[in-house]
Amino acid sequence: MKTILQHIKGDRAIWAIVAALAIFSFMPVYSASTNLVYVVGNGSTLGHLVKHATLLFFGFLIIYGVHKIPYRYFSGGSALMLPIVFILLIVTLAQGTTIGGANASRWIRIGGVGFQTSTLAGLVLMIYVARYLAKNKEKVIVFKESLLQLWLPVGLILMLILPANFSTTAIVFTMVLVLTFIGGYPLKYLGFVLGAGLVALLFFILMAKAFPDAMPNRVQTWQSRIESFSQEGSKEAYQVEKAKIAIATGGSFGVGPGKSVQKNFLPQSSSDFIYAIIVEEFGLFGGVVLVVVYFLLLFRIFVVLKKTTTIFGTLLVVGSGLPIVFQATINMAVATNLFPVTGQTLPLISSGGTSIWMTCIALGMILSVSASKEETEEDILDDNPLDILHETID
């Protein structure tokens, strides 16, 4: 154990929090997977648990590998990855797997493994935005120049994510605005960007309404979710109703691990709505403890921020760390009916490969920043993406 700890660098508290979340996830995933086995007829509970454990094992290998990379490489790496992500999103829209017959093409299969490209795109985009802000921190930002260098890539990526995944688009756009605000981008320009984003969304909705065959059921799905959440007396979505029953059944201390009843009726019980199953089995106490753990992670992220000596390092930690906690908050808010249904998983808890691995990459980058003691602003900002590619190949 001592030998292993010697190779682990960075904030030890973050390592401990991530390990605690991963270990805790085994019981709710094992319990909630009975829905997939006995209702959907997919696999076995032990099989789903082994798959989840395998994904987490490789996830920790990803964290370890990424945290060993000097974080200055992530700056130029984001510029290299951006066109690759752009191509992957186009392929996903053209050939992605549909869900329930609707045009929700979020997945492509690479080597037999399902891959959700929007999660990778969001992470790469956040790093790219951090790179731009760090490079222009001491310069007077000209709005017209930033439109081409910053907002054109952001807009193109978001436009490719939007048709299949509105919630991810909204979260990534929100996080980009938060990051640019923290990075010192002029507030008056952010107002224009926000307005342009809303106009683009309105235009997309109008086009989807005018040509329903092009994107069947997508706008209707968003509309029905918002209406079921906001209108008094409206018929609630089935999964929200079952989630509320699960939470109410849990009481203060829950019905006990593995004893959930609503897992047999609640769709996505092992992914999007796993928090409701956790509260049913571990009660309000378990639900609050989980919230506290995520906020401890947020606190440790701020500790890393305070110790970071470079602008890019600071923005990288913000851009990769805040979305994790924000996504967790959204997931728990949906399960408790405080927010419309979005389809966002609970980081490191929910089953699912891509989301777990993207979260692990983000955590690895945070730990890389916290482990660094020698990086300087000049080393990072002078990095040429082609030089990084050359070093990687060598």
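Residues numbered from 1 in each chain as written. Predicted model: local features only at pLDDT ≥ 70, side-chain atom pairs only at ≥ 80, totals over all residues. Heavy atoms only, no water.

### A closer look at the overall build of the protein chain
Selection rule: Counting from the N terminus, the helices are the DSSP runs of H or I reaching at least four residues and the strands are the DSSP runs of E reaching at least two. Under the scheme applied here, a residue whose accessible area is under 20% of the maximum for its type counts as buried, over 50% as exposed, and between as partly exposed, the area being computed with a 1.4 Å probe on protein chains only. By definition in these notes, contact holds between two residues if any of their heavy atoms fall within 4.5 Å. With residues, only the protein chains shown are counted as cover, and all accessible areas are computed by Shrake-Rupley using a 1.4 Å probe.
Scanning the protein chain from N- to C-terminus turns up 16 helices and three strands. In the protein chain, which comprises 394 residues, the proportion classed as buried is 48%. Considering only intrachain contacts with a sequence separation of at least 6, the fraction spanning at least 24 residues in the protein chain is 75%. For the protein chain, the exposed surface amounts to about 19,000 Å²; the carbon and sulfur share of it is 68%.

### Some thoughts on the packing of aromatic side chains
Where two aromatic rings form a pair, the distance of their centres and the angle of their planes describe that pair. Worth spelling out the cut-off: Within 6.5 Å between ring centres, the rings of Phe, Tyr and Trp (the latter by its six-membered ring) count as paired, and their orientation is classed by plane angle as stacked under 30 degrees, edge-to-face over 60, tilted in between. By definition here, charges over rings are those cases where NZ of Lys or CZ of Arg is within 6 Å of the ring centre and within 35 degrees of the ring normal.
Going through the model one piece at a time under the given rule, you end up with eight aromatic pairs. Taken together, a centroid distance of 6.3 Å and an interplanar angle of 15° make the contact between Tyr 71 and Phe 312 stacked. With Tyr 71 in the loop between α4 (45-67) and α5 (72-95) and Phe 312 in helix α13 (residues 311-335), this residue pair connects regions lying 241 residues apart in the sequence. The ring of Phe 265 carries the charged tip of Lys 242 above its face, separated from the ring centre by 5.4 Å.

### Section: the packing of helix α8 (residues 166-182) against helix α9 (residues 187-210)
Rules: Only the contacting stretch of a helix is used when fitting its axis, a line to C-alpha atoms as for every element, and angles between N-to-C directions run 0 to 180 degrees. By definition in this entry, angles of less than 35 degrees are roughly parallel, angles greater than 145 are roughly antiparallel, angles of 65 to 115 are roughly perpendicular, and the rest are oblique.
The geometry of α8 relative to α9 is characterised by a closest axis approach of 10 Å and an angle of 170° between their N-to-C directions. Classified by the interaxial angle, the pair formed by α8 and α9 is roughly antiparallel. Of the residues in α9, those touching α8 at Phe 166, Phe 173, Leu 177, Thr 180 and Phe 181 are Leu 187, Leu 190, Val 193, Leu 194, Gly 197 and Leu 201.

### Thoughts on the confidence of the model for the protein chain
Note the cut-off: Confidence of the predictor at the level of single residues is given by pLDDT, which spans 0 to 100.
Model confidence for the protein chain is summarised by a mean pLDDT of 83, while 81% of its residues fall at 70 or above. Segment residues 99-104: pLDDT under 50, and 13 contacts once partners within four positions in sequence are set aside and those in other chains are kept.

### As for the pattern of salt bridges
When the charged atoms of two side chains with opposite charge come close together, those side chains can pair. Rule in force here: When a carboxyl oxygen of Asp or Glu is within 4 Å of a side-chain nitrogen of Lys or Arg, the pair counts as a salt bridge.
Per the stated rule, a full pass over the model turns up one salt bridge. For Asp 11, the salt bridge is made with Arg 300, and the minimal N-O distance between the two is 2.7 Å. Pair noted here: Asp 11 is in the loop between α1 (2-7) and α2 (12-32) and Arg 300 is in helix α12 (residues 274-307), with a separation of 289 residues, a long-range link. Accessibility expressed as a relative area gives 8% for Asp 11, which makes it buried.

### Things to note about the environment of Pro 267
Along the chain, Pro 267 turns up in the loop between α11 (238-250) and α12. When the C-alpha positions of Pro 267 and Lys 242 are compared, they lie 8.8 Å apart, and in sequence the two are 25 residues distant. With sequence-adjacent residues up to four places away left out, Pro 267 is seen in contact with Tyr 238, Gln 239 and Phe 273.

### Points about α8
Test applied: Take the residue count of a helix, subtract one, and multiply by 1.5 Å to get its expected span.
Taking 1.5 Å per residue, 17 residues should reach 24 Å; α8 reaches 24 Å between its end C-alpha atoms and fits that length. Of the positions making up α8, those classed as buried are Ser 167, Thr 168, Thr 169, Ile 171, Val 172, Phe 173, Met 175, Val 176, Leu 177, Leu 179 and Thr 180. Where the residues of α8 are buried, they touch α6 (117-135), α7 (143-161), α9 and α13. Following α8 by one or two positions, Gly 184 adopts a phi angle in the positive range, close to 90°.

### Observations concerning α6
In this model, α6 (19 residues) spans 27 Å end to end at C-alpha, consistent with the 27 Å of a helix rising 1.5 Å per residue. Here α6 lies mainly inside the structure; 17 of its 19 residues are buried.

### Let's talk about the nonpolar core
What counts, and what does not: In this text, buried Ala, Val, Leu, Ile, Met, Phe, Trp, Tyr and Cys residues form a nonpolar core when linked through side-chain atoms within 4.5 Å.
Trp 151, Tyr 185 and Leu 346 are the most contacted members of the largest nonpolar core, which has 98 residues in total. For this core, the element with the highest residue contribution is α12, accounting for 14 residues. Those residues in contact with Trp 151 that lie beyond four places of it in its chain are Ser 146, Val 176, Leu 177, Thr 180, Tyr 185, Leu 190 and Val 193.

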